[in-house]
Amino acid sequence: MSKRISILSGTRDELGGVELGIVNVYARDEKPGGLSGQLVLEGGDQIIGIGDKLRLGGKKFRLLEIEAHRTGAHVFHFEDMAEVPVSDPAKSSASPIPPVSAAALESHLKKITPDILGLLGGGRFEITAWKTSSTDSMTTEWNGMQSGPSTHVMQVAVFSSEAHDATECTLRRDTIRYDPHEIYRQEVSAFWRVADKSAHVFARGEGEQPISEIWASDLPGPVLALIRNLPSAAK
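Throughout what follows, the structure given in this document is the object of discussion. (Residues numbered from 1 in each chain as written. Predicted model: local features only at pLDDT ≥ 70, side-chain atom pairs only at ≥ 80, totals over all residues. Heavy atoms only, no water.)

**Considering the overall build of the chain**
For step 1, the next point in the chain: Helix and strand counts for the chain stand at 2 helices and 15 strands.
For step 2, the next point in the chain: Every one of the 235 residues in the chain was classed for burial, and the buried ones make up 43%.
For step 3, the next point in the chain: Of the contacts formed within the chain by residues at least 6 apart in sequence, a portion of 49% connects residues at least 24 apart. (Helix = DSSP H or I, 4+ residues; strand = E, 2+ residues; numbered from the N terminus. Buried < 20%, exposed > 50% of the residue type's maximum accessible area, 1.4 Å probe, protein only. Contact = heavy atoms within 4.5 Å.)

The structure is reproduced here in C-alpha cells:
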C-alpha cells in the first residue's frame, strides 16, 4: 500500500530522507491544468505539478494533490509509490526514538557530540566553546502575502588546537510559524564530520508535539545507538 506524505510550501521538510523546500506556488503555462510549485533541492530546483513523479533517496514519489492552506501557503500531497526499496536500511531511513521535545533533543545531541566525533574519528575531541547565532525570517508567497516569524538557531562547535583541522559539528533548531502565536513545526538537525567520515540527522515535530523519530543518511550503528539513548530527564 502506498504511503501519503504531505509537505507545506515555504517550510524545510524531507521526502525520502532528502531535505527540500517548495516555494512559488501558482498556475504556470508550462504546467497546465492547475497549480505547480518550485521544488528546491541541494542539487538544483525543478518545477513540479500534479501527477509528476520524482525519485529521491532511492524511492519514487508522485504528486497527487495541491491543497490550499489556511495560512495562504499550500500543502503538497505526495504518494510513496514504494517501487524502489532502499538497499541499505541505514540510508535515508526513519529511526524511532523515545518521545522528546525539540529543545531536549538539541541539548542531547550537543552533549553527545564529543562521543560521536570519537566514533567517527577514533580519537578524543575537546570542544572549548559553541558559537550561537539566531535569526528570524518571514515566509513570502507568490502573491506577496507574508507569514511568520520563524526562528532559526545555529550552534557551531569550537575545538581545541589539538583537534583535526577537518573536524566540525553544526546543530540547528528551527521553529516554524505562520502565525506569531502558533508553532506550526519544530525541526532539529545536526552534522558531524571528522576528515572524510561524517554523520547527519534530521528530526521534526508537528506543533509542540514531542519528536519520536529521526531521519538519517549513512548513519553508523554506534552513532544511532548514542542518539537513541536519551536520558530520562530529556524524554
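Still to come is the rest of the account.
**Looking at the nonpolar core**
For step 1, the next point in the chain: One finds L105, L109, W192, V201, I211, L219 and I227 to be the most contacted residues of the largest nonpolar core, which totals 30 residues.
For step 2, the next point in the chain: When contributions to this core are tallied by element, the ones reaching two or more residues are β9 (93-100), α1 (102-121), β11 (146-159), β12 (167-179), β13 (182-194), β14 (197-206), β15 (211-216) and α2 (221-228).
For step 3, the next point in the chain: When residues in this core are grouped by element, the largest group, 8 residues, is from α1.
For step 4, the next point in the chain: One finds L39, L54, L63 and F76 within the second-largest nonpolar core, a separate group that totals 16 residues. (Core = buried A, V, L, I, M, F, W, Y, C linked by side-chain atoms within 4.5 Å.)

**A word on the sheet that holds strand β3 (residues 18-28)**
For step 1, the next point in the chain: Here 4 strands make up an open sheet; going across it, the order is β2-β3-β4-β5 and the pairing antiparallel. Of all strands in the sheet, those with a lone pairing partner are β2 (12-15) and β5 (44-49), marking the two edges. Strand after strand, the sheet turns through a mean of 45° between neighbouring axes, direction not considered.
For step 2, the next point in the chain: The sheet contact formed by β2 and β3 spans 4 bridges and is antiparallel. Bridging across to β3, E14 finds its partner in E19. (Pairing = 2+ DSSP bridges. Axes fitted to C-alpha atoms, helices over the stretch in contact; angles between N-to-C directions.)

**Comments concerning the pattern of salt bridges**
Think of it this way: side chains of opposite charge can pair up when their charged atoms draw near.
For step 1, the next point in the chain: Enumeration over the complete set of coordinates arrives at 14 salt bridges.
For step 2, the next point in the chain: R12 serves as the salt-bridge partner of E19, at 2.7 Å between the closest nitrogen and oxygen.
For step 3, the next point in the chain: Residue R204 is joined to D13 by a salt bridge in which the shortest nitrogen-to-oxygen separation is 2.6 Å. One end of the pair, R204, is in strand β14; the other, D13, is in strand β2, and 191 residues separate them in sequence.
For step 4, the next point in the chain: Here R204 falls in the partly exposed class, since its relative accessible area comes to 23%.
For step 5, the next point in the chain: The exposure class assigned to D13 is buried, which follows from its relative accessible area of 0%.
For step 6, the next point in the chain: Among the charged side chains, a network of salt bridges with common partners joins R12, E19, R172, D174 and E187. (Salt bridge = Lys/Arg side-chain N within 4 Å of Asp/Glu carboxyl O.)

**Concerning α1**
For step 1, the next point in the chain: Under the 1.5 Å per step criterion, the end-to-end length of α1 is 27 Å for 20 residues, consistent within 8% with the ideal 28 Å.
For step 2, the next point in the chain: The largest bend in α1 amounts to roughly 50° and is located at T113, with the proline P114 lying one to four residues further along.
For step 3, the next point in the chain: Every buried residue of α1 is accounted for by A102, A104, L105, E106, H108, L109, I112, T113, I116, L117, G118 and L120.
For step 4, the next point in the chain: Positioned one or two residues after α1, G122 has a phi angle of 70°, which is positive. (Expected span 1.5 Å × (residues − 1). Bend = angle between axes of the 7 residues up to and from the residue.)

**Focus on the pairing of β15**
For step 1, the next point in the chain: With 2 bridges joining them, β14 and β15 adopt antiparallel strand pairing. Across the sheet, residue V201 finds its bridge partner in β15, namely A216.
For step 2, the next point in the chain: Once β14 ends, the chain turns through 4 residues before running back antiparallel as β15, passing G207 with a positive phi of about 55°.

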